[in-house]
Amino acid sequence: MVHDAQLDYYGTKLATSSSGHSFPILLLFLSEQTKHKKKLISTIIYYTDRTIKVYDVSGNSYSPNATLTGHSGPIYQLSWSHPKYGSILASASFDSSVLIHRESRPGEWILVKAFVGLHDSSVNSVAFAPHEYGLCAAAGSSDGRVSVLSHEVDDSWTVEYLKDTPLGVNAVSWAPYGVGEKDDGGVVEQMPPRLVTGGSDNGIRIWSKNATTGGWEQEGFESSVPEVGHKDWVRDVAWAPSVVPGRSVVASCSEDRTVIIWKQGGEDGDGKKWTPTVLHTFDDPVWRVSWSITGNILAVSSGDSTVTLWKEGLDGSWSQVSTVDDVAGGNKQGGDEGVGGAGAQQS
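Residues numbered from 1 in each chain as written. Predicted model: local features only at pLDDT ≥ 70, side-chain atom pairs only at ≥ 80, totals over all residues. Heavy atoms only, no water.

A few points about the overall build of the chain
How we decide: Secondary structure elements follow DSSP: runs of H or I of four or more residues count as helices, runs of E of two or more count as strands, with numbering from the N terminus. Any two residues whose heavy atoms approach within 4.5 Å are treated as being in contact. Note on areas: Shrake-Rupley, 1.4 Å probe, and residue coverage restricted to the protein chains presented here.
Looking only at helices and strands, the chain has 0 helices and 29 strands in total. The long-range share in the chain, meaning contacts at least 24 apart out of those at least 6 apart in sequence, stands at 48%. In the form shown here, the chain has an accessible surface area of approximately 16,000 Å², with 48% of it arising from carbon and sulfur atoms.

Listed below in structure tokens is the structure:
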């Protein structure tokens, strides 16, 4: 079974991970501009064993680049670093570890760091931070903790642990890099790093790094509509790229079959409260959500083997703009909206 598929920053490399059984993976590409619109087209590849497969992507074609080994259990999630640090890939596994590989030359990869026994249970999620915060990644585990892995100037790595929920962390996502208002001296200060997590307690948590103490602190997550929330495990969270200054947007999905869009701040925001909007209630559990690079389109992967693309209207309502279903057969329908790097698949 394929658990994850991630394109790198430029979309020229694809990494996939599995748990050891043959399973098809659907690749979505944006077709060339036609007379009236752009369409999504798809390709199917098949994947086996507990390794990471890396492919070189050119247009709508792909070719094998490398096979990365080292994990002893299913590999649940992958994350590419910003190309500023080279071609670096992090992987999270059921074996309680996080491995970090780097491409030293085309097709040749080295193991940079092996965080073996990083957690006391399965590591379910891993994500690199925005490059402005340095080479840093966060990993969420079933042991209820989030680990923050930071590369130091002396080429060593440090690990910080955040106690999240004892029922287990299923997903982590970083807030986009941002800056605050100018202080009295006219200096614009960097906003602190922030994380969002989704857990098996049906909850969502926000963490931020205190600029004074350097420690991580949990923020309050107060909803402006308390009755709107997830009723089952939160399977994925995704912090959207910044579109409106001062506004934070997070998408979450759950086994309760819903996707919720959470917004904080902005001109029409409710102070520090998060305003939820149910994007849609699906027919099956929802496994993964992923934003386009422009932050205006959300890809949703659900248990009925479909990937749907959603876009927000001017009135704040969300509508489906495209769908790709029947993964094994490759059937598809194309929408008229371009997609920049959004992808999602079943866990």
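A closer look at the environment of Ser-122
Considering the arrangement of structural elements, one finds Ser-122 in the loop between strand S10 (108–115) and strand S11 (123–128). Separated by 27 residues in sequence, Ser-122 and Asp-95 have C-alpha atoms that sit 5.9 Å apart.

Some details on the sheet that holds strand S8 (residues 88–93)
Operational definition: Any two strands with at least two DSSP bridges between them are considered paired. Note on definitions: angles span 0 to 180 degrees between N-to-C directions of axes, and those axes are lines fitted to C-alpha atoms, for helices only across the stretch in contact.
Spatial strand order, S7-S8-S9-S10: 4 strands in an open sheet with antiparallel pairing. For this open sheet the edge positions go to strand S7 (75–80) and S10, each flanked by a neighbour on one side alone. Direction aside, the axes of adjacent strands within the sheet are offset by 25 degrees on average. Bridging between S8 and strand S9 (residues 98–105) involves 5 bridges; their strand directions are antiparallel. The residue of S9 that forms the bridge with Ile-88 is Arg-102.

Some words on the pairing of strand S25 (residues 286–291)
Just so we agree on the cut-off: Only protein chains enter the calculation, and the probe is 1.4 Å; a residue is then buried if its accessible area is under 20% of its type maximum, exposed if over 50%, and partly exposed in between.
Of all the 6 residues making up S25, 6 are buried; the element is thus mostly covered by neighbouring parts of the structure. Examined bridge by bridge, S25 and strand S26 (residues 297–302) share 5 bridges and lie antiparallel to one another. Across the sheet, Ser-290 pairs through a bridge with Ala-299, a residue of S26. Counted along the chain from S25 to the antiparallel partner S26, the turn is 5 residues long, and its residue Gly-295 has a positive phi close to 75 degrees.

Notes on the nonpolar core
Basically, it comes down to this: Working definition of a nonpolar core: buried Ala, Val, Leu, Ile, Met, Phe, Trp, Tyr and Cys residues. They are joined through side-chain atoms within 4.5 Å.
Ranked by internal contacts, the top residues of the largest apolar core, which has 16 residues, are Val-259, Ile-261, Leu-279, Val-289, Trp-291, Leu-298 and Val-300. Counting residues in each nonpolar core, the second largest holds 15 residues, with Ala-90, Val-98, Val-126 and Ala-137 among its members.

So, the environment of Ala-127
Looking at the secondary structure, you find Ala-127 in strand S11. Between the C-alpha atoms of Ala-127 and Ala-137, which are 10 residues apart in sequence, the distance is 5.4 Å. For Ala-127, the contacting residues outside a window of four places in its chain are Ser-79, Cys-136, Ala-137, Ala-138, Val-172 and Trp-174.

Re the pairing of strand S14 (residues 157–163)
Bridge count between strand S13 (residues 145–151) and S14: 7 bridges; the pairing is antiparallel. Considered in S14, the bridge of His-151 is made with Trp-157. The antiparallel hairpin formed by S13 and S14 contains 5 residues in its connecting segment, where Asp-155 sits at a positive phi of about 75 degrees.

Section: the sheet that holds strand S2 (residues 13–18)
The sheet built from 4 strands is open, its strands ordered S1-S2-S5-S6 with antiparallel pairing. The open sheet terminates on both sides in strands that have one partner only, identified here as strand S1 (2–7) and strand S6 (61–68). Neighbour to neighbour, the strand axes of the sheet diverge by 20 degrees on average, direction disregarded. Judged from the 5 bridges that link them, S2 and strand S5 (residues 52–58) form a sheet pairing that is antiparallel. In the strand pairing of S5, Lys-13 is matched with Asp-56.

Focus: unusual backbone geometry
The phi angle at Asn-202 is positive, at roughly 75 degrees, despite the residue not being glycine. Considering the arrangement of structural elements, one finds Asn-202 in the loop between strand S18 (194–199) and strand S19 (204–209). Judged by its relative accessible area of 26%, Asn-202 is partly exposed.

Side note on the side chain of Thr-197
Basically, it comes down to this: Under this definition, polar contacts are N or O atom pairs within 3.5 Å; protein pairs additionally need one hydrogen-donor-capable and one acceptor-capable atom, and for neighbouring residues in sequence, both atoms have to be side-chain atoms.
Note on placement: Thr-197 falls in strand S18. In terms of polar contacts, Thr-197 uses its side chain to reach the side chain of Asp-164, at 2.8 Å.

In short, the description is geometric, and any link to function would need to be established separately.
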